[in-house]
Amino acid sequence: MTCLIDRSGCCSSLSGMVPRGFGEDGEERGDRAGGRSPGGTAAAEYVKCPLAKVFPVYGMGVWNPGVTEAAIVPGADVGDAIWDALRAEAKSEAEKEPILSSFLYAGILSHDNLEQSLGFVLANRLHNATLLATQLVDIFSEVMARDAGIQRAIRLDLLAFKDRGPACISYSSALLHLKGYHSLQSYRIAHALWNQGRKVLALSLQSRNSEVFGVDIHPAAKIGEGILLDNGTGVVIGETAVIGNRVSLMQGVTLGGTGKEIGDRHPKIGEGALISARVTILGNIKVGEGAMIAAGSLVLKDVPRHGMVAGIPAKLIGFVNEKDPYLTMKHGDQQRDRGENPEKTVGGR
């Protein structure tokens, strides 16, 4: 469980909201540097902050996806579960809303695979007088067809939006409508082009991404898979930023430099972190695996593994103690209701 102790000794608990990262061998991965559990004597130093105001509820209940991550690992002998689900949803929606049948056919049902469908959707969102839609479709399709990493990432991102996005009602709604998903996949293509040496085209896509979606991600940034870019509006991610797998970022997040640095100057976000709305993280600092940053915080120092921080500047207010904090997303006062010793809970890691 996650537990906070304020100066009055009250304990508020929180089921973990963010995912932990695991390698394909099942072993834990992520930044473990700087992660240290607080002792009982340190509890009194935590700032008093009502939990409901720190971490808003992004979902309720037990995590129970219809498609698991294992079903979309390259080489898995199960077909393309995500694409099958998308087509089934599109057919069902076309029957319910005939006025959208041609839209659903053009975006999903007329294509052979997710890569073709996504390329079509992005090209129609990003084209302008210079970047023609037909040209963009060809570029996007070529990049995705040749990059197995992107093929995996676009599916794991869809899974993240469906399972962790409170407003995402289906895979097809994310693919066709959610600009957080669109801007993230536009970045992935621009990142591949940047690595191919096609930097001018990559920067052009970055510019269009910013103009159309209000999301500015430098194509040189490194972003893992299974990412939730919820809403996306106002997100800024700098050139040397690194984001691990299964990270959730809300609207208005800035991963920026301090203006005084050159070279590697942007934040490094560990796997499974939750970065809430309007958070600003500045400089080449580390946010540990499974960390949680409260809305509106200004982070200027490293955040320990599974640490919870809030404020301007951000201060440590607790730790996430669950083994798999992303499996359940229900918040509440379960710990206090059970009458457990708050000192023991916080100091027990």
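Every value quoted in this text rests on a predicted model; they were computed, and no experiment measured them. (Residues numbered from 1 in each chain as written. Predicted model: local features only at pLDDT ≥ 70, side-chain atom pairs only at ≥ 80, totals over all residues. Heavy atoms only, no water.)

Draft legend 1. Structural view of helix H5 (residues 133-146). Taking 1.5 Å per residue as the helical rise, H5 with its 14 residues ought to reach 20 Å, and the 20 Å between its terminal C-alpha atoms agrees with that figure. All of the buried residues along H5 are Leu136, Ile139, Phe140, Val143 and Met144. For H5, the angular spread of buried residues about the axis comes to 120 degrees, placing them on one side. Within H5, the exposed residues directed more than 90 degrees away from the buried face are Thr134, Asp138, Ala145 and Arg146. Contact partners of the buried residues in H5: helix H4 (114-126), helix H6 (148-164), helix H8 (179-195) and helix H9 (199-213). (Helix = DSSP H or I, 4+ residues; strand = E, 2+ residues; numbered from the N terminus. Expected span 1.5 Å × (residues − 1). Buried < 20%, exposed > 50% of the residue type's maximum accessible area, 1.4 Å probe, protein only. Arc of directions from axis to C-beta. Contact = heavy atoms within 4.5 Å.)

Draft legend 2. Up close: the sheet that holds strand S10 (residues 268-269). Taken in spatial order, the 4 strands line up as S4-S7-S10-S13 in an open sheet, and their pairing is parallel. Lying at the two open borders of the sheet, with one neighbouring strand each, are strand S4 (222-223) and strand S13 (286-287). The pairing of strand S7 (residues 242-243) with S10 spans 2 bridges and is parallel. Within S10, the position partnered with Ile243 by the bridge is Ile269. (Pairing = 2+ DSSP bridges.)

Draft legend 3. The arrangement of the packing of H4 against H6 in detail. In the contact formed by H4 and H6, the axes pass within 11 Å of each other and the chain directions differ by 75 degrees. Viewed along their axes, H4 and H6 adopt a mutual orientation that is roughly perpendicular. Of the residues in H6, those in contact with Leu114, Glu115 and Leu118 of H4 are Gln151, Ile154, Arg155 and Leu158. (Axes fitted to C-alpha atoms, helices over the stretch in contact; angles between N-to-C directions. Parallel < 35°, antiparallel > 145°, perpendicular 65-115°, else oblique.)

Draft legend 4. Examining the pattern of salt bridges more closely. Scanning the model with the defined rule gives 9 salt bridges in all. Where Glu115 meets Arg155, a salt bridge forms, and the shortest distance between an N and an O atom there is 2.5 Å. Taken together, the positions of Glu115 in helix H4 and Arg155 in helix H6 put the pair 40 residues apart, joining distant regions of the chain. With a relative accessible area of 11%, Glu115 lands in the buried category. Since its relative accessible area comes to 8%, Arg155 is described here as buried. A salt bridge links Glu289 to Arg305; the shortest N-O distance between them is 3.3 Å. (Salt bridge = Lys/Arg side-chain N within 4 Å of Asp/Glu carboxyl O.)

Draft legend 5. Molecular detail of a nonpolar patch on the surface. A cluster of nonpolar residues, Ile99, Leu100 and Phe103, forms a patch on the protein surface that exposes about 310 Å² of accessible area. Mapped onto the fold, Leu100 is located in the loop between helix H2 (81-96) and helix H3 (101-109). Note on Leu100: relative accessible area 39%, which makes it partly exposed. (Patch = residues over 30% accessible without salt bridge, like charges linked within 9 Å, V, L, I, M, F, W, Y side chains within 5 Å. Areas by Shrake-Rupley, 256 points an atom, 1.4 Å probe, with all protein chains shown as cover.)

Draft legend 6. Region of interest: empty space enclosed by the protein. Using the criterion set out here, one finds 2 cavities of 30 Å³ or more in the structure. Of the pockets and cavities examined, the second largest cavity occupies roughly 30 Å³. For the lining of the second largest cavity, the secondary structure elements donating two or more residues are H8 and H9. No other element matches H9, which puts 4 residues into the lining of the second largest cavity. Partitioning the lining of the second largest cavity into residue classes produces 6 nonpolar, 3 polar and no charged. (1 Å grid on protein atoms, 1.4 Å probe; cavity = no way out; pocket = protein on both sides within 12 Å on 5 of 7 lines; lining within 4 Å. Points joined across faces, edges and corners; volume = space filled by probe spheres on them. Nonpolar A, V, L, I, M, F, W, Y, C, P; charged D, E, K, R; others polar.)

Draft legend 7. Highlighting the pairing of strand S17 (residues 315-320). Pairing of strand S16 (residues 307-310) with S17, which is carried by 4 bridges, proceeds in the antiparallel orientation. Each bridged residue has a counterpart across the sheet, and for Ala310 the counterpart in S17 is Lys315. Here S16 folds back onto S17, and the loop between the two strands holds 4 residues, one of which, Gly311, carries a positive phi near 110 degrees.

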